[in-house]
Amino acid sequence: MRTKTLGALVALALALSACGGGDGSGVGVEGDEPVIQIISEGGFVPVEVALNTGPRYTVLGHGRLIYQGFQTLEYPGRLVPPYMVATLDRNQMNAILAMVEDIGLPDITEERDDANMDVVADAHTDTIVYRDETGEHRLSVYALGIDDTPSDRNTAFLELLETLDRFVGEAPAEPYVAERVRVVAGIGFTDPEFEDVREWPLDNADLSTWEELANGWHCLTIDGAVPQVFEEATQATTWEHPDGSSAPLALLVRPLHAGEPDCPS
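Reading the values: the criteria
- Residues numbered from 1 in each chain as written.
- Predicted model: local features only at pLDDT ≥ 70, side-chain atom pairs only at ≥ 80, totals over all residues.
- Heavy atoms only, no water.
- Pairing = 2+ DSSP bridges.
- Helix = DSSP H or I, 4+ residues; strand = E, 2+ residues; numbered from the N terminus.
- Axes fitted to C-alpha atoms, helices over the stretch in contact; angles between N-to-C directions.
- Phe/Tyr/Trp six-rings, centres within 6.5 Å; stacked < 30°, edge-to-face > 60°.
- Buried < 20%, exposed > 50% of the residue type's maximum accessible area, 1.4 Å probe, protein only.
- Core = buried A, V, L, I, M, F, W, Y, C linked by side-chain atoms within 4.5 Å.
- Expected span 1.5 Å × (residues − 1).
- Polar contact = N/O pair within 3.5 Å; in protein donor to acceptor, adjacent residues only side chain to side chain.
- Disulfide = S-S within 2.5 Å.
- Contact = heavy atoms within 4.5 Å.
- Salt bridge = Lys/Arg side-chain N within 4 Å of Asp/Glu carboxyl O.

Trainee: Can you explain the sheet that holds strand 3 (residues 64-68)? Please cite residues and give values.
Mentor: Reading across from one edge, 5-7-6-1-2-3-4-8 is the order of the 8 strands in this open sheet, with mixed pairing throughout. If you trace the sheet from one side to the other, it starts and ends with strand 5 (110-113) and strand 8 (173-175), each paired once. Recorded for the sheet is a direction-independent mean angle of 15° between the axes of neighbouring strands. Across 3 bridges, the pairing between strand 2 (residues 57-60) and strand 3 is antiparallel.

Following this line, the structure appears as structure tokens:
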């Protein structure tokens, strides 16, 4: 498999060099379009955690890597999770694309590996989505890495994750500024030790116009960077209900990666 990949990479490297410029800092496959996105979903987590968890990694065509930055365990932490964007060089990008071939993603349309469901319950599922000129290729693996003898494909998937983890520590990075921000509203819990109820922060105060999710949650996407009012809030902040009479609402706020849907399914 590696021999096949190396041969393909020769042609790939020439193509990337032709469209990536001379500084070696970008790749220029499809500009800002997401090429690879890795998502961890499910498992035994509170609903608000599931609703506010973004992709683990998003790799854009020109070599930018979006990921969640460091967040302390102190409570209450900041409301908006910090996201960063690193810049990968051609060698790093080519290494990632080689692993995509090792996984076999170009030959997959959509597959799911649930073999580990007999081993563990309530584990999360890791999904990798690869986009090329032929369309979208999706592989989901339940409880990835839990078995002692993973398949060659799952071993390559784990190698890709480990490589991206390493690149995050090596590549230059800066705060990620999103083009869209997701806001999810639900009934809030006021912590008497950290009581912080604020005025409704958005122009759109009619929740009936928001997309309705499960368990009474509603979702809205706004254009642009995260508003400052959210940057100054914490996980304990609740917001006066826009109808002026109901209990305060909790808001989950995070910048969206390129290629993410406006609201969770």
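Trainee: Can you break down the packing of aromatic side chains residue by residue, with the values?
Mentor: Applying the stated rule across the entire model yields 3 aromatic pairs. Summarising the aromatic geometry, the rings of Y75 and F194 are spaced 5.6 Å apart at their centres and angled 85° between planes, so their arrangement reads as edge-to-face. Of the two residues, Y75 sits in the loop between strand 3 and strand 4 (83-87) while F194 sits in the loop between strand 9 (180-187) and strand 10 (197-198), which places them 119 residues apart along the sequence. Between F230 and W239, the ring centres sit 5.6 Å apart and the planes meet at 80°, which makes this aromatic pair edge-to-face. Neither residue differs from the other here; F230 and W239 are each classed as buried.

Trainee: Describe the nonpolar core, listing the residues and the values that go with them.
Mentor: Judged by nonpolar contacts, the single largest core of 30 residues is most densely connected at I36, L65, I128 and F157. Breaking this core down by element, the ones donating at least two residues are strand 1 (34-42), strand 2, strand 3, helix 3 (90-103), strand 6 (124-132), strand 7 (135-142) and helix 4 (152-170). The dominant element in this core, judged by the number of residues it contributes, is helix 4, at 7 residues. By size, the runner-up hydrophobic cluster in this structure holds 18 residues, among which are V181, W210, L220 and W239.

Trainee: Let's hear about helix 3: which residues, and what values?
Mentor: Counted at 1.5 Å a residue, the expected span for helix 3 with its 14 residues is 20 Å, and the 20 Å between its end C-alpha atoms agrees. For helix 3, the buried fraction is high: 11 of the 14 residues fall into the buried class. Among the residues of helix 3, R90, Q92, M93, N94, I96, L97, A98, M99, V100, D102 and I103 are the ones counted as buried. With a side-chain oxygen positioned 3.1 Å from the backbone nitrogen of N91, the residue opening helix 3 is D89.

Trainee: I'd like to hear about the state of the cysteines, residue by residue, with values.
Mentor: This model, assessed by the stated rule, comprises 1 disulfide. Residue pairing for C219: its cysteine sulfur links by disulfide to C263, the two sulfurs lying 2.0 Å apart. Disulfide C219 to C263: torsion about the S-S bond roughly -90°, handedness left-handed. Of the two residues, C219 sits in strand 12 (residues 218-223) while C263 sits in the segment after strand 14 (249-255), which places them 44 residues apart along the sequence. Of the two residues, C219 and C263, neither departs from the other in class, the shared state being buried.

Trainee: Before we move on, can you summarise the environment of M84 with the specific residues and values?
Mentor: In this structure, M84 sits in strand 4. Accessibility expressed as a relative area gives 22% for M84, which makes it partly exposed. M84 has contacts with L65, I66, Y67, G69, A173, E174, P175 and Y176, leaving out every residue within four places of it along the chain.

Trainee: Got a sec to walk through helix 4? Specific residues and values, please.
Mentor: Given a rise of 1.5 Å per residue, 19 residues ought to cover 27 Å, and the 27 Å separating the end C-alpha atoms of helix 4 matches this to within 8%. Here helix 4 has its buried residues at N154, A156, F157, L160, L161, T163, L164, F167 and V168.

Trainee: I'd like a rundown of the pattern of salt bridges, residues and numbers included.
Mentor: Going through the model one piece at a time under the given rule, you end up with 10 salt bridges. Note that E231 is salt-bridged to R78, the shortest N-O span being 3.2 Å. Of this pair, E231 sits in helix 5 (residues 228-231) while R78 is found in the loop between strand 3 and strand 4, placing the two residues 153 residues apart along the sequence. With a relative accessible area of 37%, R78 lands in the partly exposed category. Here R166 makes a salt bridge to E170, at a shortest N to O gap of 3.6 Å. Taken together, the residues span about one helical turn, with R166 and E170 both in helix 4 at a distance of 4 residues. By relative accessible area, R166 is classed as partly exposed at 44%. Here the residues in one salt-bridge network are R131, E136 and R138, joined through shared partners.

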